[in-house]
Amino acid sequence: MVVEQDQCARASLSELLSDRGHRVVQAADATEAIQRLEENEGLELILLDLEIPASARVLEHARRMAPDVIVFGMSRHDDFPEAVESVNGFFCKPLVFQELYREICSAGMRADRSIKKSTE
């Protein structure tokens, strides 16, 4: 899941991941992210914009609903010490997609496994 408040950045990141074979769920804010978490059982990876209001609530909800989910935080600033300690990785914006994708692959994410089909 890509949780990013900037519509262009969210769409670009989602498209880059989709082009590599990943199924992507998008959310623009914390409320939408929590709703997507509840609707999409089996999420394995969350790219979370730490600058959205209530990003800590999204992180808490994700850890409670899917304890094994990998969460990569993203921000223009590194002044989110508590959140940075709670995520599996942190990336400064603007993102370098190749670096981010290398970490996604290192975390074991493979194409067509980003979310499991709800019928499985």
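Starting afresh in each chain, residues are numbered from 1 along the sequence in its written order. Local features in this predicted model are restricted to residues whose pLDDT is 70 or higher, and side-chain atom pairs enter the listing and the counts only when it is 80 or higher, whereas totals over whole chains, interfaces and linings include all residues. Each side-chain value is derived from all of the structure's non-hydrogen atoms; neither hydrogens nor water enter the calculation.

I keep staring at the overall build of the chain and nothing clicks. Help me out?
Helices and strands together make up the secondary structure of the chain, namely five helices and five strands. In this text, helices come from DSSP runs of H or I with a minimum length of four residues, and strands from runs of E with a minimum of two, each type numbered from the N-terminal end. Starting at the N terminus and walking to the C terminus, you meet the elements of the chain as β-α-β-α-β-α-β-α-β-α. Here, residues are in contact when the closest pair of their heavy atoms is within 4.5 Å. Expressed as a percentage of contacts within the chain between residues at least 6 apart in sequence, the contacts between residues at least 24 apart total 62%. In these tables, accessible area is a Shrake-Rupley quantity obtained with a 1.4 Å probe, and a residue counts as shielded only by the protein chains included in the view. Put simply, the chain shows about 6,800 Å² of open surface, and 47% of that area lies on carbon and sulfur atoms.

Explanation requested: the side chain of His 22 in the structure shown.
In this fold, His 22 is placed in the loop between α1 (7-19) and β2 (26-27). Two N or O atoms count as a polar contact when they lie within 3.5 Å, although within protein this holds only if one can serve as hydrogen donor and the other as acceptor, and sequence-adjacent residues are included solely when both atoms are side-chain atoms. Among the polar contacts listed, one links the side chain of His 22 to the side chain of Tyr 101, at a separation of 2.8 Å.

Would you mind going over the sheet that holds strand β5 (residues 89-92) with me for this structure?
As a general point, the strands of a sheet are linked pairwise by backbone hydrogen bonds and lie either parallel or antiparallel. Whether two strands pair comes down to DSSP finding at least two bridges between them. Here five strands make up an open sheet; going across it, the order is β2-β1-β3-β4-β5 and the pairing parallel. Both outer strands of the open sheet, β2 and β5, are each paired with one neighbouring strand and no more. Two strands pair when backbone bridges link them, and strand β1 (residues 2-3) and β2 are joined in this way by two bridges, in the parallel orientation. The residue bridging Val 3 from the neighbouring strand is Ala 27, located in β2.

So what exactly am I meant to see when it comes to the packing of α1 against helix α5 (residues 97-106) here?
The angle between the axes and the distance between the axes are what describe a pair of packed helices. α5 packs onto α1 with a crossing angle of 55° between their chain directions and a minimal axis gap of 12 Å. In this view, α1 runs oblique relative to α5, as classed from their interaxial angle. Judged by the twist between their axes, the crossing of α1 over α5 is right-handed. Contacts from Leu 13, Leu 16 and Leu 17 in α1 reach Phe 97, Leu 100, Tyr 101 and Ile 104 in α5. Here the residues of the contact of α1 with α5 are counted per class, giving seven nonpolar, no polar and no charged. Angular values range over 0 to 180 degrees, each being the angle between N-to-C directions of two axes fitted as lines to C-alpha atoms, with helices fitted over their stretch in contact. Convention used here: angles under 35 degrees read as roughly parallel, angles over 145 as roughly antiparallel, angles from 65 to 115 as roughly perpendicular, and any remaining angle as oblique. Crossings are sorted by hand: turned counterclockwise from the far helix by less than a right angle, the near helix makes the crossing left-handed, and turned clockwise it makes it right-handed. By the convention adopted, Pro, Cys, Tyr, Trp, Phe, Met, Ile, Leu, Val and Ala count as nonpolar, Lys, Arg, Asp and Glu as charged, and the other residues, Gly among them, as polar.

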